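Reading the structure
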Amino acid sequence: MSLDNSAAAAASTEPEPIKAIPLRRPGRWIAAAIILISLGLFLWGAKTNEAYHWDTYFKYLSDKRIAQGAVVTLELTVLAMVIGVVLGVGLAVMRLSPNPVLRSVAWAYLWIFRGTPVYVQLVFWGLFPSLYKNIVVGVPFGPSITSFDVQHWSAPFFFAMIGLGLNEAAYMAEIVRAGINSVGEGQREASVALGMSWSQTMTRTVLPQAMRVIIPPTGNELISMLKTTSLVTAIPLTTDLYGRARDIYSINFQPIPLLLVAATWYLLITSVLMIGQYYLERYYARGSSRQLTAKQLRALAQAQVAGGTG
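Sequence order as written defines residue numbering, which begins from 1 separately in each chain. Given that the model is predicted, a residue must reach a pLDDT of at least 70 before its local features are reported, and side-chain atom pairs must reach 80 or more before they are shown or counted; all residues, however, enter totals for whole chains, interfaces and linings. Side-chain calculation: all heavy atoms of the structure are included, whereas hydrogens and water are not.

With that out of the way, let us pick up the nonpolar core. In this description, a nonpolar core means a group of buried Ala, Val, Leu, Ile, Met, Phe, Trp, Tyr and Cys residues linked to one another through side-chain atoms lying within 4.5 Å. The rule is simple: take the accessible area with a 1.4 Å probe, protein chains only, and divide by the maximum for that residue type; under 20% is buried, over 50% is exposed, in between is partly exposed. Ranked by size, the top nonpolar core spans 37 residues in total, and within it Y109, L164 and I235 carry the most contacts. Secondary structure elements follow DSSP: runs of H or I no shorter than four residues count as helices, runs of E no shorter than two count as strands, and numbering proceeds from the N terminus. Of all elements in the fold, only helix 4 (64–95), helix 5 (100–115), helix 6 (118–126), helix 8 (156–181) and helix 10 (198–228) reach the threshold of two or more residues within this core. In terms of residue count, the dominant contributor to this core is helix 8 (13 residues). Not counting chain neighbours up to four residues away, the residues in contact with I235 comprise L122, W125, G126, P156, F159 and A160. The criterion used for residue contact is that any of the two residues' heavy atoms lie within 4.5 Å.

Set out below in C-alpha cells:
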C-alpha cells in the first residue's frame, strides 16, 4: 500500500467533528433587557429632572478654576505616591530584615498608619503648627544648629502631600513585601552563592523580579490616591478639584451640578490612569505566561498532523 493510500485510510477512520450547539438561556436575555430598560429610564429621568441643573453642569465643566483644581489634584496624587512608594519599599525591606529593631519599627509604623483613618491623620497634619510651634535641629542635649518657626508656615499643600504620602507608605509596604515573597527562595540562594550581600540581593535580584506582582496593586493604589485627595479638606486645602467645586457651589447654592462636574473630572483622570496601568502591567508580564495563542495552537496541531501522516 502506498503512502497516499495509508494517509487516506487513516483519515477515513477519524470520527467526524462534533457540532456543539450552545444551550439556550432565555433568563440571561430577560435579565439583560430589564437592566437596559432600567438604565434607559434612569437616564431619561435624570435628563428631564430640573434639579440636576444641566445648564450649570455644562457651564462649569470646562471652567478654568475646575481645570486648575484638577492640576493640583494630579500634582498632589503624584507627589504623595512617590513618597508612599519610596518609603513603602524601605519599610518592606525593613520588615524582611534579619535585624529585629528594623522589623519592630516597620511593624509599629504599619500598625499606626493602617489602624487609623486617613481623614484623622490629615486633621492632625492640619494641626501640626499647633502641636509643634518650633522645630530645633541640632546635637541632642547639645547646641542647636537651626530652628524653624512652624506657626508661621502656611503650606496646606505640603502638609497634605506629607499626610497622604505617609499613609500610603503603610499600604505600599505590604504590597512590596508580598511581591518580594513571591520570588522563589532559590533566587536568593543563588545571589548569596555569587557573593552578594543581603541588600544587594534585594536590590539586584529580588525587587526587579517582584515588579510583576507589585505593579497591578500599585496602579490600584494610584487610582485610590487620586480619589483620596478629596479628603484634604481636613488640612484644610481648598485648591484641589473637590475644593474648587465646593467653593463654587457654596456661592451659587447648586451643589448637585458642581459635584457632577467634579465626578466627571475624576472619572476622566481615572480612565487615563487605568489605560496606563494596563500597558504597564502588560510590559512587566512579558514572559511570565506560557499560554499559547490560538495561532500558535493551530500551527502546533498542523505540525502534529503532518508528523503523524508522515
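There's plenty left to go through after this.
This brings us to the packing of helix 5 against helix 8. For any two helices packed against each other, one specifies the crossing angle of their axes together with the interaxial distance. The axes used here are C-alpha line fits, helices contributing only the stretch in contact, and every angle between their N-to-C directions lies in the interval 0 to 180 degrees. Two numbers describe how helix 5 lies on helix 8: the axes approach to 9 Å, and their chain directions differ by 120 degrees. Here helix 8 runs oblique to helix 5, going by the angle between their axes. The chirality of how helix 5 crosses helix 8 is left-handed. Side by side, helix 5 and helix 8 meet where Y109, L110, F113 and R114 of the first sit next to L166, N167, A169, A170, Y171, A173 and E174 of the second. Angle categories: roughly parallel below 35 degrees, roughly antiparallel above 145, roughly perpendicular from 65 to 115, and oblique for all the rest. Crossings are assigned a handedness: left-handed for a near helix turned anticlockwise from the far helix by less than a right angle, right-handed for a clockwise turn.

On to the packing of aromatic side chains, then. Side-chain rings of Phe, Tyr and Trp (the six-membered ring for Trp) are treated as a pair once their centres are within 6.5 Å; stacked means planes under 30 degrees apart, edge-to-face means over 60, and tilted covers the remaining angles. Scanning all chains against the criterion turns up ten aromatic pairs. Ring geometry for F128 against F159: centres 5.6 Å apart, planes inclined by 40 degrees, an arrangement best described as tilted. A residue pair is termed long-range when its members are at least 10 positions apart, and F128 in helix 7 (residues 128–131) and F159 in helix 8 qualify at 31 residues. For the pair F128 and F159, a shared accessibility class is recorded, and that class is buried. An aromatic cluster is present here, built from Y52, W54, Y57 and F58 joined pairwise through their rings.

UniProt positions are given in the numbering used here, feature names are shortened, and annotations may be inferred rather than shown by experiment. Here the UniProt feature "transmembrane region" (unreviewed entry) sits at residues 29–46, 66–94, 106–128 and 256–280. End-to-end, the C-alpha atoms of residues 29–46 are 26 Å apart, and along that stretch the chain is 100% helix and 0% strand. Taken as a whole, residues 106–128 contains 87% helix and 0% strand, while its terminal C-alpha atoms sit 23 Å from one another.

A 1.4 Å probe that fits but cannot get out identifies a cavity on a 1 Å grid over protein atoms alone, an open set with protein on both sides within 12 Å along at least five of seven lines counts as a pocket, and a residue lines either if it has an atom within 4 Å of a point. Grid points are joined across faces, edges and corners, and a volume is the space filled by probe spheres set on the points. Its volume calculated, the largest pocket comes out at about 380 Å³. Every residue lining the largest pocket is counted, 20 residues in all, and those nearest its centre are V85, I215, T218, G219 and L280. Listed by contribution, the elements that provide at least two residues to the lining of the largest pocket are helix 4, helix 8, helix 10 and helix 12 (255–284).

What follows is about unusual backbone geometry. With an omega of 5 degrees, the peptide bond running from I235 to P236 counts as cis. Backbone geometry places H53, a non-glycine residue, at a positive phi of 55 degrees. Positionally, H53 belongs in the loop between helix 2 (26–48) and helix 3 (54–60). Among the residues examined, H53 registers a relative accessible area of 31% and is labelled partly exposed. Of note, the phi angle at F253 is positive, near 55 degrees, even though the residue is not glycine. With respect to the helices and strands, F253 occurs in the loop between helix 11 (241–252) and helix 12. Classification of F253 by relative accessible area gives exposed; the value is 68%.

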